[in-house]
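What follows is the residue order along each chain.
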Amino acid sequence: MIDYHALAPELLLAGTVLAVLTVDLLRVEKYWVAVVGLFGLFLSFIPVLTLGFCDTLTFCEDTGTRFLFGESYAVDSFSLVLKALFLGSAFVAVLLSVGYLESDRFWQGEFYFLMLSSVLGAVVMASSRDLVTIFVALELVTGPTFLMAGWRKGDPRSNEAMLKFFIIGVLSAALLLFGMSLVYGTTGELTFAGIRAEAAGIRGGDLEALFTVGVLFTLLGFAFKVSAVPFHFWTPDTYEGSPTPVTAYLSVVSKTAGFVGLLAICYLAFRDATFLWGPALWVLAAASMTVGNLAALRQTNIVRLLGYSSIAQGGFILVPFGAAVAAGVTDVQLEEAFFATVTYLLIYAFMNLGAFAVIIAGGNRLRSAEIGDWAGMFGYAPGLATMLAVFFFSLAGIPPLAGWFAKFVMFRAVLSVGGGWAAALAIIAAVNSVIAFVYYAKVVKSAFMDPAPEHVAVADLARMPTVPSLQFALVLTVAGVIVLGIFPGIIAEIGELTKTFASGF
Amino acid sequence: MGWFESGWGLSLVVFLPMVGAFAVLAIPKAKEEAQKQTAFLFALASFLLSVVVAFQFDYGALGDGSRYQLGTDLQWISAISSRYHIGIDGISLPLLVLSTFVTLLSVIYTWNHFPDPHNPKAFLALILVLATGMAGTFVALDLILFFVFFEVVLLPMYFMIGIWGDRNEVTLPVLRRTTEMRLYAAIKFFLFTLFGSAFMLLGFLALFFRSDMGLVGGTPGAHTFDIELLTEMGGMGVFAGGAAFWIFAALFLGFAVKVPMFPFHTWLPDAHTAAPTVGSVLLAAILLKLGTYAFVRISLPILPEEAESWAPAIAILAVIGIIYASLACLAQTDMKRLIAFSSVGHMGFVMLGIATLTDIGINAAIIGMVAHGVITGMLFFLAGSMSHRYHTREMARLGGNQKLMPIMGGILGFTAMASLGLPGLAGFWGEFMALLASFNPLEGLSLSLFRTLMILGAVGTVLTAGYMLWMLQKVNFGEPSAEWEGHDLHDVDRWEMAAWAPMLVAILGIGVFPRIVFGATNEAVIDVVDGIRAAIGV
């Protein structure tokens with residue numbers, strides 16, 4: 001018998017996807033489609049809460065982790081926290097899209113249909129506990145975003161964005177499948193629990209080499225998804241060319257989904273193979289931080305800058321994985337690393353969505369994403385400029401904005417492992433967080449300290465309002481970044497819930 | 001007043017300015033008077049409460065075991081075992097009062113001295129946020145809380161320098177581009193400090209993972225960020241060993257950049273020169289103290305063995321700083337830049353005092369910090385007001401100031417005398433006692449080295465007197481240049497007088513009755529030194 005309560009978020013979201021299509025057929029104003037989508041996301045959030053607080057609710061039978069379809073699908077605190085993150089981020093992403101899509105001639109109904117389908121994939125991803133489900137979930141996340149990236153049909157850059165994204169996406173899917181097939185072939189198992197059990201016997205045997213190749217190719221597939229260096233080349237072009245709300249979605253929901261898959265694979269299936277993924281991800285983390293940050297220094301386009309920034313942030317998120325490089329890493333230390341990654345992802349969602357909200361709001365006024373054109377914003381739009389500073393300095397990790405805690409838990413995870421390699425990674429990360437400050441500050445400097453360029457009509461811009469949906473998104477994210485920065489305990493408690501996951505089932 | 005003593009008093013001192021910042025932001029842009037009054041009221045309230053704290057403080061309580069008073073210890077981020085633990089002892093009390101005092105005076109001074117591009121609302125809000133960060137750093141007794149407050153001061157100061165700072169063009173050293181001074185100084189200030197504090201945070205984490213609550217009656221194997229507990233563990237030698245060297249090095253990097261010690265000082269002349277007057281005052285008077293205070297509060301007590309082995313290196317760098325800064329001062333033509341470089345020298349005396357690891361030396365360091373706070377703060381006020389009137393800071397053009405503005409000139413003369421360490425004024429005690437302490441450093445430290453450094457330091461005091469008198473001669477004396485004829489150079493106005501009079505009283509008061517500082521610090525300093533002695537067994 002199927003536990004419908006456990007599946008309720010997915011079912012409600014699937015219902016919303018269909019409802020969005022239906023509403024699109026009706027002859028109503030198109031923004032109603034977005035309203036239905038937002039309502040559906042909110043509705044799907046409710047069962048996430050009831051499942052999360054199951055032990056305190058009378059009607060809910062608390063059964064601990066709920067497994068469905070054998071061991072392929074699990075609803076535990078980790079998956080619930082991540083589902084909440086995906087639904088919340090998607091909610092903000094829809095808010096960001098409304099004004100943007102209204103502002104020009106875009107297909108609207110289909111856009112929300114695609115975005116919500118992709119969110120459904122992300123939500124499924126959080127619960128996937130076998131290779132097939134995780135692959136399906138990942139493709140469901142990615143597939144719709146190929147189309148969304150090309151939504152500005154008349155713009156060659158948008159077409160380029162889509163095409164690059166599509167080709168790289170398909171390539172990475174192929175690599176991922178190849179890796180997964182080798183893992184399946186050597187272990188004979190699809191579920192993560194099964195793979196972990198079988199993997200122990202493979203070590204030292206004939207199949208070890210094949211298994212190793214399988215693990216590495218699987219990692220490679222995910223490395224493309226989270227745009228880790230050197231698999232990041234699609235990212236800046238796709239981010240710059242896509243409609244900005246899509247970029248926001250890609251950099252938060254889609255990227256987080258990739259990390260969630262990586263977390264599940266590394267900590268469950270390859271739990272005993274830290275000696276394989278530890279070093280590999282150490283290298284990717286160090287390279288992503290360094291290359292992402294150095295490349296970001298040279299950018300003049302704010303969206304492209306955030307593209308490189310998100311590559312660098314991805315590197316910081318990978319750092320706790322890389323900490324597992326040390327031999328004899330214990331369960332407690334892995335739990336720390338896991339906790340750090342999840343906490344980072346939660347905070348990253350707030351600040352990155354917020355940063356994009358500001359960019360969309362500023363872009364609406366200025367019709368430009370060149371940093372030079374943003375100069376003098378503090379003079380005519382002090383509120384917007386202040387929020388820009390809040391999000392960018394949060395991304396840089398300056399207290400008392402939420403980003404500091406993300407960086408902090410990352411350092412904490414690395415130092416809890418200790419040893420030369422981990423310490424080296426910590427130092428690389430420390431130097432990188434200083435480099436990162438330079439380009440985040442460059443944008444803030446432009447907005448606060450430089451005079452407005454002459455071609456910008458300051459008086460008109462000062463009177464231009466921000467779309468209400470965008471205002472709502474800004475308020476949500478800015479409140480999140482400030483409150484979580486001062487009381488990071490809130491996010492830490494949530495991250496703490498997921499810790500048990502790292503030690504396996 | 002039980003609630004006041006159980007942490008509320010200190011918390012109010014720290015957070016009232018922050019509340020004030022939000023209050024100022026809530027006032028419509030056009031109502032400038034209301035913004036100024038609100039900021040003033042919050043700064044005043046914070047200062048008065050800190051005075052109440054000083055009266056509540058029990059100066060003889062050290063014998064009872066707990067050094068920290070009037071604090072509280074509440075849950076904050078339980079997942080990483082970091083707590084909202086605050087409290088003060090004799091070392092932090094004078095600095096806390098200094099920070100609220102200077103903040104209040106800065107708000108008063110700024111009343112009709114808003115630098116371009118004006119915008120009092122944002123400027124006042126930044127001062128108040130800065131005040132919270134500064135006061136918070138002095139009361140924090142948890143490493144993470146300390147880190148957060150330590151960093152909170154960066155953003156307001158960055159904006160203060162970058163928006164209201166000096167608009168003269170400079171050519172960048174390496175990039176060979178010209179940019180405005182304020183932009184260069186703001187980012188340089190931030191990057192230097194951030195670089196230091198990133199490593200400082202790594203050091204804090206390394207301490208955390210080496211701590212063990214089992215030793216102090218807690219759960220064995222549990223870790224802590226609590227400064228009080230870490231100090232206790234440090235006394236037991238928990239952190240001694242190979243890694244301790246690197247931990248001390250990481251902390252040193254974080255604190256030394258902030259002080260700043262030679263060779264990490266290069267951000268300071270630029271930041272101080274480029275900052276608006278109030279920014280320079282707050283930077284010099286308080287922000288630099290965060291670094292030296294951290295040495296006394298964190299590095300020395302928690303890592304006493306390493307403190308001993310690093311002491312000679314710190315002392316050498318301190319004395320290099322003193323001599324180098326004096327020589328650099330003699331080469332300046334810009335009055336504000338000269339005062340900025342003099343800060344490096346004065347902080348060198350403070351660090352020399354700390355490096356002797358004796359009670360005299362550390363007492364000297366703390367009175368040196370307080371004295372430098374009021375004296376150099378005052379000098380920056382003067383430099384700001386003078387360049388406001390003359391529209392130049394070139395000393396060569398300022399000659400004859402005494403005749404043009406007798407009161408301003410008089411105050412400048414008085415403050416310069418205090419800065420060069422004239423006995424009877426505040427600057428004397430810090431310099432004199434630091435040198436005295438290096439005659440007799442902690443047992444085990446090389447006598448010949450420290451006595452050599454003492455002689456070099458004494459040469460430094462002569463050089464200090466030299467450049468201060470040289471500055472006075474150039475700026476105050478002589479005949480006014482013809483270019484000022486017909487200019488309306490009004491002397492000190494009442495807002496300036498209101499802001500400066502308390503500073504001048506403090507300079508004289510501390511000079512004549514150093515007991516108002518030593519009375520608070522001595523017991524706590526002896527406790528710190530005893531801890532170090534016990535740990536290294538001398």
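Let me sum up the structure you'll find in this document. Everything quoted here is computed from the prediction, not taken from an experiment. (Residues numbered from 1 in each chain as written. Chains lettered and ligands numbered in written order. Predicted model: local features only at pLDDT ≥ 70, side-chain atom pairs only at ≥ 80, totals over all residues. Heavy atoms only, no water.)

1. Quick look at the overall build of chain A
Stage number 1. Broken down by element type, chain A carries 20 helices and 2 strands.
Stage number 2. Taking 23 Å as the expected radius of gyration for a compact globule of 505 residues, we find that chain A reaches 22 Å, a close match to that expectation.
Stage number 3. Summarising its shape, the C-alpha atoms of chain A cover approximately 70 × 55 × 45 Å along the three principal directions.
Stage number 4. In chain A, buried positions account for 64% of the 505 residues.
Stage number 5. Counted over contacts in chain A with a minimum sequence separation of 6, partners at least 24 positions apart contribute 80%.
Stage number 6. With an accessible surface of roughly 17,200 Å², chain A has 68% of that area assigned to carbon and sulfur atoms.
Stage number 7. Across chain A, 25 positive and 33 negative side-chain charges occur, with their mean positions spaced 9 Å apart. (Helix = DSSP H or I, 4+ residues; strand = E, 2+ residues; numbered from the N terminus. Rg over C-alpha atoms; globule rule 2.2 N^0.38 Å. Buried < 20%, exposed > 50% of the residue type's maximum accessible area, 1.4 Å probe, protein only. Contact = heavy atoms within 4.5 Å. Areas by Shrake-Rupley, 256 points an atom, 1.4 Å probe, with all protein chains shown as cover. Lys, Arg positive; Asp, Glu negative; His and termini not counted. Charge placed at Lys NZ, Arg CZ, Asp CG, Glu CD.)

2. Examining the layout of surface pockets
Residues and elements named next belong to chain A.
Stage number 1. When its volume is computed, the largest pocket comes out at roughly 1,400 Å³.
Stage number 2. Contributing elements (two or more residues each) for the lining of the largest pocket: α2 (31-52), β1 (66-68), α3 (77-102), α13 (331-366), α19 (468-486) and α20 (489-497).
Stage number 3. At 11 residues, α3 tops the list of elements feeding residues into the lining of the largest pocket.
Stage number 4. Partitioned by chemical class, the residues of the lining of the largest pocket number 31 nonpolar, 11 polar and 4 charged. (1 Å grid on protein atoms, 1.4 Å probe; cavity = no way out; pocket = protein on both sides within 12 Å on 5 of 7 lines; lining within 4 Å. Points joined across faces, edges and corners; volume = space filled by probe spheres on them. Nonpolar A, V, L, I, M, F, W, Y, C, P; charged D, E, K, R; others polar.)

3. Things to note about the packing of aromatic side chains
Stage number 1. Considering all chains together, one arrives at 69 aromatic pairs over all chains under this definition.
Stage number 2. When the ring of W234 of chain A is compared with that of Y239 of chain A, the centres are 6.4 Å apart and the planes differ by 80°; the resulting orientation is edge-to-face.
Stage number 3. According to the relative accessible area criterion, W234 of chain A is buried, its value standing at 7%.
Stage number 4. Accessibility expressed as a relative area gives 1% for Y239 of chain A, which makes it buried.
Stage number 5. Taken together, a centroid distance of 5.5 Å and an interplanar angle of 70° make the contact between F255 of chain B and F295 of chain B edge-to-face. In this pair, F255 of chain B is assigned in helix α9 (residues 242-258) and F295 of chain B in helix α11 (residues 277-302), connecting sequence segments 40 residues apart. (Phe/Tyr/Trp six-rings, centres within 6.5 Å; stacked < 30°, edge-to-face > 60°.)

4. Describing helix α2 (residues 32-56) of chain B
Residue and element names in this part refer to chain B.
Stage number 1. The first and last C-alpha atoms of α2 sit 36 Å apart over 25 residues, in line with the 36 Å expected at 1.5 Å per residue.
Stage number 2. Inspection of α2 places Q35, K36, T38, A39, F42, A43, S46, F47, L49, S50, V53 and A54 among the buried residues, and these make up the whole buried set.
Stage number 3. Here the buried face of α2 lies against α1 (2-26), β1 (69-77), β2 (82-88), α3 (92-109) and α4 (120-139). (Expected span 1.5 Å × (residues − 1).)

5. Examining the pairing of β2 of chain B
Stage number 1. In terms of residue burial, β2 of chain B counts as a mostly covered element, since 6 of its 7 residues are buried.
Stage number 2. Counting the residues in the hairpin turn of β1 of chain B and β2 of chain B gives 4 residues, including S81 of chain B, whose phi is positive at 45°. (Pairing = 2+ DSSP bridges.)

6. A look at the environment of Y100 of chain A
All names here are of chain A.
Stage number 1. In this fold, Y100 is placed in helix α3.
Stage number 2. Between the C-alpha atom of Y100 and that of G363, which follows or precedes it by 263 residues, the distance is 9.8 Å.
Stage number 3. Once residues within four sequence positions are removed from consideration, Y100 is found in contact with F106, R152, P243, T244, P245 and I360.
Stage number 4. Polar contacts involving the side chain of Y100 include one to the side chain of R152, which spans 3.1 Å. (Polar contact = N/O pair within 3.5 Å; in protein donor to acceptor, adjacent residues only side chain to side chain.)

7. Some points on helix α20 (residues 494-512) of chain B
Three or four residues apart is the spacing at which side chains of an α-helix point the same way, because the helix has 3.6 residues per turn.
All names here are of chain B.
Stage number 1. An ideal rise of 1.5 Å per residue puts 27 Å on 19 residues; α20 measures up with 26 Å between its terminal C-alpha atoms.
Stage number 2. Where α20 bends most, the angle comes to about 30°, and this point is W500, followed within four residues by the proline P502.
Stage number 3. Burial in α20 covers these residues: E496, A499, W500, M503, L504, A506, I507, G509, I510 and G511.
Stage number 4. Among the structural elements, α3, α14 (359-390), α17 (406-419), α18 (427-439) and α21 (515-536) are those in contact with the buried residues of α20.
Stage number 5. For α20, the N-terminal capping position is held by D493, with its side-chain oxygen 3.1 Å away from the main-chain nitrogen of W495. (Bend = angle between axes of the 7 residues up to and from the residue.)

8. A short note on the nonpolar core
Side chains of a nonpolar character, in soluble globular proteins, are inclined to be buried together.
All names here are of chain A.
Stage number 1. Residues F392 and F393 are the most contacted members of the largest nonpolar core, which totals 417 residues.
Stage number 2. Take this core: its biggest share by element is 22 residues, from α13.
Stage number 3. Residue contacts for F392: discarding those within four places in its chain leaves I302, L305, L306, A355, I359, Y440, V443 and V444. (Core = buried A, V, L, I, M, F, W, Y, C linked by side-chain atoms within 4.5 Å.)

9. Some points on the pattern of salt bridges
Residue and element names in this part refer to chain A.
Stage number 1. In the structure shown here, the tally under the stated rule is 26 salt bridges over all chains.
Stage number 2. Between D3 and R66 there is a salt bridge whose closest N-O contact spans 2.5 Å. Of this pair, D3 sits in the segment before α1 (4-25) while R66 sits in strand β1, placing them 63 residues apart in sequence.
Stage number 3. Taking the relative accessible area as the measure of exposure, D3 reaches 22% and is therefore partly exposed.
Stage number 4. In this structure, D237 engages K164 in a salt bridge whose closest nitrogen and oxygen atoms are separated by 2.4 Å. Here the residue D237 occupies a position in helix α9 (residues 234-241), and K164 occupies one in helix α6 (residues 156-187), the gap between them amounting to 73 residues.
Stage number 5. Here D237 falls in the buried class, since its relative accessible area comes to 18%.
Stage number 6. Residues participating in the shared-partner salt-bridge network are R157, E160, K164, D237, E240 and R304. (Salt bridge = Lys/Arg side-chain N within 4 Å of Asp/Glu carboxyl O.)

10. Some points on unusual backbone geometry
Excluding glycine, residues mostly have negative phi values, and the peptide bonds linking residues are mostly trans.
Stage number 1. Residue P230 of chain A is bonded to the preceding V229 of chain A through a cis peptide linkage, with omega at 5°.
Stage number 2. Inspection of the secondary structure puts P230 of chain A in the loop between α8 (208-225) and α9.
Stage number 3. A cis geometry characterises the amide bond from F262 of chain B onward to P263 of chain B, with omega recorded as 0°.
Stage number 4. Tracing the sequence through the fold places P263 of chain B in the loop between α9 and α10 (267-274).
Stage number 5. The residue L70 of chain B is not glycine, and still its phi comes out positive at about 55°.
Stage number 6. Residue placement: L70 of chain B occurs in strand β1.
Stage number 7. A residue is classified by how much of its surface remains accessible, and L70 of chain B, at 10% relative accessible area, is buried.
Stage number 8. With a phi angle near 60°, L357 of chain B is a residue other than glycine that sits in the positive phi range.
Stage number 9. In this fold, L357 of chain B is placed in the loop between α13 (335-355) and α14.

11. Quick notes on the interface of chain B and chain A
Stage number 1. With 33 residues of chain B at the contact, the number on the chain A side is 37 residues.
Stage number 2. Broken down residue by residue, the surface that chain B buries against chain A is led by A79, L202 and F209 of chain B, which jointly contribute 16%.
Stage number 3. In this assembly, chain B and chain A are joined by 0 salt bridges.
Stage number 4. Where chain B touches chain A, the interface holds 4 residue pairs in polar contact (both at pLDDT 80 or more).
Stage number 5. At the level of elements, β1, α5 (143-152), α6 (154-164) and α7 (181-210) of chain B are the ones that each hand at least two residues to the side of chain B that touches chain A. (Buried area = accessible area lost by both parts, 1.4 Å probe.)

12. Focus: the packing of α1 of chain B against α2 of chain B
Residue and element names in this part refer to chain B.
Stage number 1. At a minimum axis separation of 9 Å, α1 and α2 run at an interaxial angle of 165°. As summarised for this structure, α1 and α2 are arranged roughly antiparallel, according to the angle between their axes. Crossing geometry of α1 relative to α2 is assigned as left-handed. Of α2, the residues touching α1 (which contributes F4, E5, G9, L10, L12, V13, L16, P17, V19, G20, A23 and V24) are Q35, T38, A39, F42, A45, S46, L49, S50, V52, V53 and Q56.
Stage number 2. Across the contact of α1 with α2, the residue classes tally to 15 nonpolar, 7 polar and 1 charged. (Axes fitted to C-alpha atoms, helices over the stretch in contact; angles between N-to-C directions. Parallel < 35°, antiparallel > 145°, perpendicular 65-115°, else oblique. Left-handed = near helix turned anticlockwise from the far one by under 90°.)

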